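Chain residues, written in single-letter form:
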Amino acid sequence: MRDRAREADIVVVNHHLFFADLALRNGNYGSVLPDYTAVILDEAHLIEDVASEYFGSQVSNYQIDDLVRDVGMLKLEALTPIAR
């Protein structure tokens, strides 16, 4: 299928596969889809949610509380100012 897609003028994929391909292209792993110059997204009612799954981050209240507690336990030492 990849060879057929590479030879095709038009490849139809859903937005999940499109964003998976974008995520791979942003890393060092190559791509799933062949190179393209234009994209048409149809029936992508939840595109914001799907894009957030691939490129977003979440932080919970528990994680913030845990971070604040850990930072509060750090021993702070006086720093020497950088000479200019």
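Every value quoted in this text rests on a predicted model; they were computed, and no experiment measured them.

## Notes on the pattern of salt bridges
Here is step 1 of the chain: Inspection of the entire model under this criterion finds 4 salt bridges.
Here is step 2 of the chain: Taking the shortest distance from any N to any O, the salt bridge between Arg 25 and Asp 21 comes out at 2.6 Å. Note that Arg 25 and Asp 21 are positioned in helix 2 (residues 15–26) at a spacing of 4 residues, about one turn of the helix.
Here is step 3 of the chain: A residue is classified by how much of its surface remains accessible, and Arg 25, at 28% relative accessible area, is partly exposed.
Here is step 4 of the chain: Here Asp 21 falls in the buried class, since its relative accessible area comes to 0%.
Here is step 5 of the chain: Put simply, Arg 25 and Asp 35 hold a salt bridge, and the shortest N to O gap is 3.0 Å. Residue Arg 25 is located in helix 2, and its partner Asp 35 is located in the loop between helix 2 and helix 3 (47–55); the two are separated by 10 residues in the primary sequence.
Here is step 6 of the chain: Residue classification places Asp 35 among the exposed positions, given a relative accessible area of 68%.
Here is step 7 of the chain: Ionic contacts of the salt-bridge type, sharing partners, join the residues Asp 21, Arg 25 and Asp 35 into one network.

## Brief notes about the packing of aromatic side chains
Here is step 1 of the chain: Under the counting rule described, the total for this entry stands at 3 aromatic pairs.
Here is step 2 of the chain: Arranged with centres 5.4 Å apart and planes meeting at 65 degrees, the rings of Phe 18 and Phe 19 form a pair that is edge-to-face. Grouping residues by exposure puts Phe 18 and Phe 19 together as buried.
Here is step 3 of the chain: Ring geometry for Phe 18 versus Tyr 36: centroids 5.9 Å apart, planes at 50 degrees, classification tilted. Of this pair, Phe 18 sits in helix 2 while Tyr 36 sits in the loop between helix 2 and helix 3, and the two are 18 residues apart along the sequence.

## Quick word on the environment of Ala 8
Here is step 1 of the chain: If you trace the backbone, Ala 8 turns up in the loop between helix 1 (2–7) and helix 2.
Here is step 2 of the chain: Taking C-alpha positions, Ala 8 is 9.3 Å from Pro 34, a pair spaced 26 residues apart along the chain.

## Overview of the packing of helix 2 against helix 3
Here is step 1 of the chain: Two numbers describe how helix 2 lies on helix 3: the axes approach to 10 Å, and their chain directions differ by 30 degrees. As the angle between them shows, helix 2 and helix 3 are arranged roughly parallel. Helix-helix and strand crossings are classified by hand; for helix 2 and helix 3 the assignment is right-handed. On the side of helix 2, the interface is formed by His 15, His 16, Phe 19, Ala 20, Leu 22, Ala 23 and Asn 26, while helix 3 contributes Ile 47, Val 50, Ala 51, Tyr 54 and Phe 55.
Here is step 2 of the chain: Here the contact of helix 2 with helix 3 is built from residues that sort into 9 nonpolar, 3 polar and no charged.

## A short note on the layout of surface pockets
Here is step 1 of the chain: Estimated volume of the largest pocket: approximately 550 Å³.
Here is step 2 of the chain: Considering the residues around the largest pocket, the lining is formed by 22 residues, among which Val 11, Val 12, Ala 38, Val 39 and Ile 40 are closest to the centre.
Here is step 3 of the chain: Of all elements in the fold, only helix 1 and helix 2 reach the threshold of two or more residues within the lining of the largest pocket.
Here is step 4 of the chain: Here the residues of the lining of the largest pocket sort into 15 nonpolar, 2 polar and 5 charged.

How each quantity is defined
Residues numbered from 1 in each chain as written. Predicted model: local features only at pLDDT ≥ 70, side-chain atom pairs only at ≥ 80, totals over all residues. Heavy atoms only, no water. Salt bridge = Lys/Arg side-chain N within 4 Å of Asp/Glu carboxyl O. Helix = DSSP H or I, 4+ residues; strand = E, 2+ residues; numbered from the N terminus. Buried < 20%, exposed > 50% of the residue type's maximum accessible area, 1.4 Å probe, protein only. Phe/Tyr/Trp six-rings, centres within 6.5 Å; stacked < 30°, edge-to-face > 60°. Axes fitted to C-alpha atoms, helices over the stretch in contact; angles between N-to-C directions. Parallel < 35°, antiparallel > 145°, perpendicular 65-115°, else oblique. Left-handed = near helix turned anticlockwise from the far one by under 90°. Contact = heavy atoms within 4.5 Å. Nonpolar A, V, L, I, M, F, W, Y, C, P; charged D, E, K, R; others polar. 1 Å grid on protein atoms, 1.4 Å probe; cavity = no way out; pocket = protein on both sides within 12 Å on 5 of 7 lines; lining within 4 Å. Points joined across faces, edges and corners; volume = space filled by probe spheres on them.

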